[in-house]
Amino acid sequence: MERFLEWLGGTPWSVALLESTLAWPLIESAHVLAVALFFGTVMMNDLRLLGWTMRRVPVSEVTGRLLPWTRLGFTIMVTTGFLIFYSNPVRYYHNIFFRFKVILFIVAGLNAFIFHRGIHSRVFEWERSPVLPGRARAAGAVSLTAWALIIVAGRLIAYNWFDCDIPGQPDWVNWAAGCPLAGD
């Protein structure tokens, strides 16, 4: 994996993107705006599932109105996120916060998949109940928590607290970041 990422980071497009005075900041700005759009719509859906807002509005209506915006935000967010990763793949790959973000991304994706394939497939049976089913509320709570932590982890990626080349760093940090350990 390391060799592939080194090759990827050495490609002319990757180098040009990382060194760009205009493209990189525009891509990063688009990423932040897309995260705001995506998380804003996800948060409104999740707050509805938790019964904390829009209690008189059917869940299917909230989802139906917000889903196109959620998908747009997600598409832009993922595309710009891949471009940001592409600009410096070795550094991101070894960043603990990036790794945490990827794990949380998987958790959020599985949560959404299970929710939409499970309890949400019968939304018309329960969406007007004063208290939504526990599985719907749990899905909202997991989603809200996972995406909030993804945003925090994404912000922390910018800091080099745990980069591989920091002397005296604990072995567990180097292990978690996939850094070569002493004696390897």
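Our subject is the structure that appears above.
Residues numbered from 1 in each chain as written. Predicted model: local features only at pLDDT ≥ 70, side-chain atom pairs only at ≥ 80, totals over all residues. Heavy atoms only, no water.

Quick notes on the packing of helix H3 (residues 23–49) against helix H8 (residues 134–156)
Stated precisely, the cut-off is as follows: Convention adopted: a line fitted to C-alpha atoms gives each axis, helices being fitted over their contacting stretch, and angles between N-to-C directions are expressed from 0 to 180 degrees. Numbering goes from the N terminus for both helices and strands, where a helix is a DSSP run of H or I of at least four residues and a strand is a run of E of at least two. Reported orientations rely on four angle classes, namely roughly parallel under 35 degrees, roughly antiparallel over 145, roughly perpendicular from 65 to 115, and oblique for the rest. Two helices crossing with the near one rotated counterclockwise from the far one by less than a right angle form a left-handed crossing, whereas a clockwise rotation gives a right-handed crossing. In this description, contact between two residues means that some pair of their heavy atoms is separated by no more than 4.5 Å. All amino acids are sorted into three groups, where Ala, Val, Leu, Ile, Met, Phe, Trp, Tyr, Cys and Pro are nonpolar, Asp, Glu, Lys and Arg are charged, and the leftover types, Gly among them, are polar.
Running from N to C, H3 and H8 point in directions that differ by 155°, and their axes come no closer than 8 Å. Here H8 runs roughly antiparallel to H3, going by the angle between their axes. For the pair H3 and H8, the crossing hand works out as left-handed. Here Val35, Phe38, Phe39, Val42, Met43, Asp46, Leu47 and Leu49 of H3 lie close against H8, whose contacting residues are Ala136, Arg137, Gly140, Ser143, Leu144, Trp147, Ala148 and Ile151. Of the residues belonging to the contact of H3 with H8, the class tally is twelve nonpolar, two polar and two charged.

Let's talk about H8
The line we're drawing: The span you would expect from a helix comes to 1.5 Å times its residue count less one. For every residue, the accessible area (1.4 Å probe, protein chains only) is compared with the maximum for its type, and the residue is labelled buried under 20%, exposed over 50%, or partly exposed between those bounds.
For H8, built from 23 residues, the straight-helix expectation of 33 Å at 1.5 Å per residue is met to within 8% by its first-to-last C-alpha distance of 33 Å. Ala136, Ala139, Gly140, Ser143, Leu144, Ala146, Trp147, Ile150 and Ala153 are the residues of H8 that are buried.

Comments concerning unusual backbone geometry
Notably, methionine 54 is not glycine yet its phi reads approximately 50°, a positive angle. Note that methionine 54 resides in the loop between H3 and helix H4 (59–87). Note on methionine 54: relative accessible area 30%, which makes it partly exposed.

Here's the deal with the nonpolar core
To keep things clear, this is the line we draw: Nine residue types can take part in a nonpolar core, namely buried Ala, Val, Leu, Ile, Met, Phe, Trp, Tyr and Cys, and a core is a set of them joined through side-chain atoms within 4.5 Å.
Counting 14 residues, the largest nonpolar core has Phe38, Met77, Ala108, Leu144, Trp147 and Ile150 as its most contacted members. Sorting the residues of this core by element identifies H3, helix H6 (96–117) and H8 as the ones contributing at least two each. The leading source of residues in this core is H3, at six residues. Judged by nonpolar contacts, the second largest core, of ten residues, contains Trp24, Ile27, Ile84 and Phe97.

What about the side chain of asparagine 45?
Rules: The term polar contact refers here to a pair of N or O atoms within 3.5 Å; inside protein, the definition further demands a hydrogen-donor-capable atom paired with an acceptor-capable atom, and it admits residues adjacent in sequence only when both atoms are side-chain atoms.
For asparagine 45, the position within the fold is in helix H3. For asparagine 45, a relative accessible area of 13% gives the class buried. Within polar-contact distance, the side chain of asparagine 45 engages the side chain of threonine 63 at 3.3 Å. The residues contacting asparagine 45, other than those within four sequence positions of it, are Val62, Thr63, Leu66 and Thr70.

Overview of the side chain of asparagine 174
One can find asparagine 174 in helix H9 (residues 171–176). We classify asparagine 174 as buried; its relative accessible area is 9%.

Observations regarding the packing of aromatic side chains
Geometry of an aromatic ring pair is reported as the spacing of the ring centres plus the angle between the planes. To be explicit about the condition: Think of it this way: a Phe, Tyr or Trp ring, Trp meaning its six-membered ring, pairs with another when their centres are within 6.5 Å, and the plane angle makes it stacked under 30 degrees, edge-to-face over 60, tilted otherwise. The criterion for a charge sitting over a ring is simple: Lys NZ or Arg CZ within 6 Å of the ring centre, and within 35 degrees of the ring normal.
Applying the stated criterion to the full structure yields eight aromatic pairs. Where tyrosine 92 meets phenylalanine 98, the ring centres are 6.3 Å apart and the plane angle is 50°; that geometry is what we call tilted. Joined through ring pairs, the aromatic side chains of Phe38, Phe74, Phe105 and Trp147 make up one cluster. When the ring centre of tyrosine 92 is taken as reference, the NZ or CZ atom of arginine 91 above it lies at 5.8 Å.

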